Amino acid sequence: MIRVSEVSKTYGKGEAATRALRDVSLTIAKGETVAITGPSGCGKTTLLHLLAGLEEAEKGEIWAGEALITQLDDQEIAKIRLSRMGFVFQTYHLVPVLTAWENAALPLIASGVSTKEARTRAMEALKEVGLADKAHRYPSQLSGGQNQRVAIARAIIGKPSIIWADEPTGALDSDTADQIIGLLEMLNRHYGTTLVIVTHDPKVADRMSRIIRLQNGRIVHDGGAAL
Ligand code: ADP
Ligand code: ADP
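Residues numbered from 1 in each chain as written. Chains lettered and ligands numbered in written order. Predicted model: local features only at pLDDT ≥ 70, side-chain atom pairs only at ≥ 80, totals over all residues. Heavy atoms only, no water.

Where an unreviewed UniProt entry is consulted, the protein appears under the name ABC transporter ATP-binding protein, with the organism given as Paenibacillus paeoniae.

Asks: Help me out: how do you make sense of the packing of helix 5 (residues 144-156) against helix 6 (residues 174-191) in this one?
Replies: Packed helices, taken two at a time, are described by the angle between their axes plus the distance between the axes. Packing of helix 5 against helix 6 brings their axes to within 10 Å, and their N-to-C directions diverge by 15°. By the criterion of interaxial angle, the relationship of helix 5 to helix 6 is roughly parallel. The handedness of the crossing between helix 5 and helix 6 comes out as right-handed. Contact residues: Gly145, Gln148, Arg149, Ile152 and Ile156 in helix 5; Thr176, Gln179, Ile180, Leu183, Leu184 and Leu187 in helix 6. (Axes fitted to C-alpha atoms, helices over the stretch in contact; angles between N-to-C directions. Helix = DSSP H or I, 4+ residues; strand = E, 2+ residues; numbered from the N terminus. Parallel < 35°, antiparallel > 145°, perpendicular 65-115°, else oblique. Left-handed = near helix turned anticlockwise from the far one by under 90°. Contact = heavy atoms within 4.5 Å.)

Asks: It is not clear to me how the site of ligand 1 should be interpreted in this structure. Could you clarify?
Replies: Lining the immediate environment of ligand 1, one finds Tyr11, Thr18, Ala20, Pro39, Ser40, Gly41, Cys42, Gly43, Lys44, Thr45 and Thr46. The separation between an oxygen atom of ligand 1 and a polar main-chain atom of Cys42 is 3.2 Å. Burial of ligand 1 by the surrounding chains reaches 58%, relative to a free accessible area of 560 Å². Those elements that provide at least two residues to the shell around ligand 1 are strand 2 (18-28) and helix 1 (44-51). The leading source of residues in the shell around ligand 1 is helix 1, at three residues. (Near = heavy atom within 4 Å. Polar contact = N/O pair within 3.5 Å; in protein donor to acceptor, adjacent residues only side chain to side chain. Areas by Shrake-Rupley, 256 points an atom, 1.4 Å probe, with all protein chains shown as cover.)

Asks: In this structure, what is going on with the site of ligand 2? I would like to understand it.
Replies: In the neighbourhood of ligand 2, the contacting residues comprise Thr45, His49, Leu54, Phe87, Phe89, His93 and Asp166. The separation between an oxygen atom of ligand 2 and a polar side-chain atom of His93 is 3.4 Å.

Asks: How should the environment of Thr18 be read in this particular structure?
Replies: Considering the arrangement of structural elements, one finds Thr18 in strand 2. Placed 199 residues apart in sequence, Thr18 and Gly217 show a C-alpha to C-alpha distance of 9.7 Å. What Thr18 contacts, discounting residues up to four positions off in sequence, is Lys9, Thr10 and Tyr11.

Asks: Where do I start with the confidence of the model for the protein in this structure?
Replies: Residues shown with low pLDDT carry predicted positions that ought not to be read at fine detail. When pLDDT is averaged across the protein, the result is 94; 99% of the residues are at 70 or more. Per the prediction output, this complex has pTM 0.86; the corresponding ipTM is 0.66. (pLDDT = per-residue confidence, 0-100.)

Asks: What am I meant to see in the sheet that holds strand 8 (residues 194-198) here?
Replies: Strand-to-strand pairing in sheets goes through backbone hydrogen bonds, with the strands running parallel or antiparallel. Taking strand neighbours across the sheet as the criterion, the six strands line up as 6-7-8-3-9-10 in an open arrangement whose pairing is mixed. Taken across any chain shown, the strands that pair with only one partner, and hence form the sheet edges, are strand 6 (85-89) and strand 10 (218-223). Mean inter-strand twist for the sheet, computed between neighbouring axes without regard to direction, equals 15°. In this structure, strand 6 lies alongside strand 7 (residues 162-166), joined through five bridges in parallel fashion. Along strand 7, the bridge assignment pairs Val88 with Ala165. Taken strand by strand, helix 2 (residues 74-84) contacts strand 6 and strand 7, and its axis lies near 80° from that of strand 6. Contacting strand 6 and strand 7, helix 5 crosses the sheet at an angle of about 165° to strand 6. (Pairing = 2+ DSSP bridges.)

Below, the structure written as structure tokens:
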């Protein structure tokens, strides 16, 4: 469903240039659970952003299903993101002045769904992540783990085929981290949602079916077990 062919990315120019990714090729099949790991600065976030069409590759091709995202304009990519992809971040990225259900509903509202339907579906998504009883709370009234659940509800509201998560457990204690990964695994088992998780945590990486390790912008390991 995702195919990356010889993709490179350089930030900056001349003396100040950083080669963040060098000729990276990989394929991610529907339903896979993938950890992207490696030392700080090795290119993990860059790879995730390119895969999600959030940044432009300098060279190479990236396919999301039938769409060649390296050839699409921003608006077309945004449409694909909204309809097929969910995003989860280390720091949740919730809007502080909106309640849990309003945060979860945001992608639908942005795509023009009526408030009534968005609310119904946000409630369903919150139930899915075990937070139905907290729908009217604001982020400041929720714990870190609960806020990450709201963020996951927002990620799944469009019923995405793939979830991209950038250090989703980086701000959580280890028990809460376990629960959040458990929730993502449940979505994978139940709905076949593909998971691509950038993580420093070997415990998280080991729970994925596949581990891709980057070093200096290159893939140095791609397989079932950590190195
Ligand atoms: P990781 O997520 O593995 O820590 P990144 O993908 O964030 O690595 O970064 C890879 C390399 O690219 C690093 O050397 C980083 O400093 C550099 N980099 C990332 N984003 C930018 C940017 N916007 N401008 C310049 N350099 C960047
Ligand atoms: P990092 O944690 O590596 O600093 P961020 O998590 O701040 O990166 O943001 C990653 C990128 O994703 C940013 O370019 C941001 O604009 C984009 N982004 C943030 N939230 C969403 C969202 N809900 N949907 C799509 N893109 C998003």
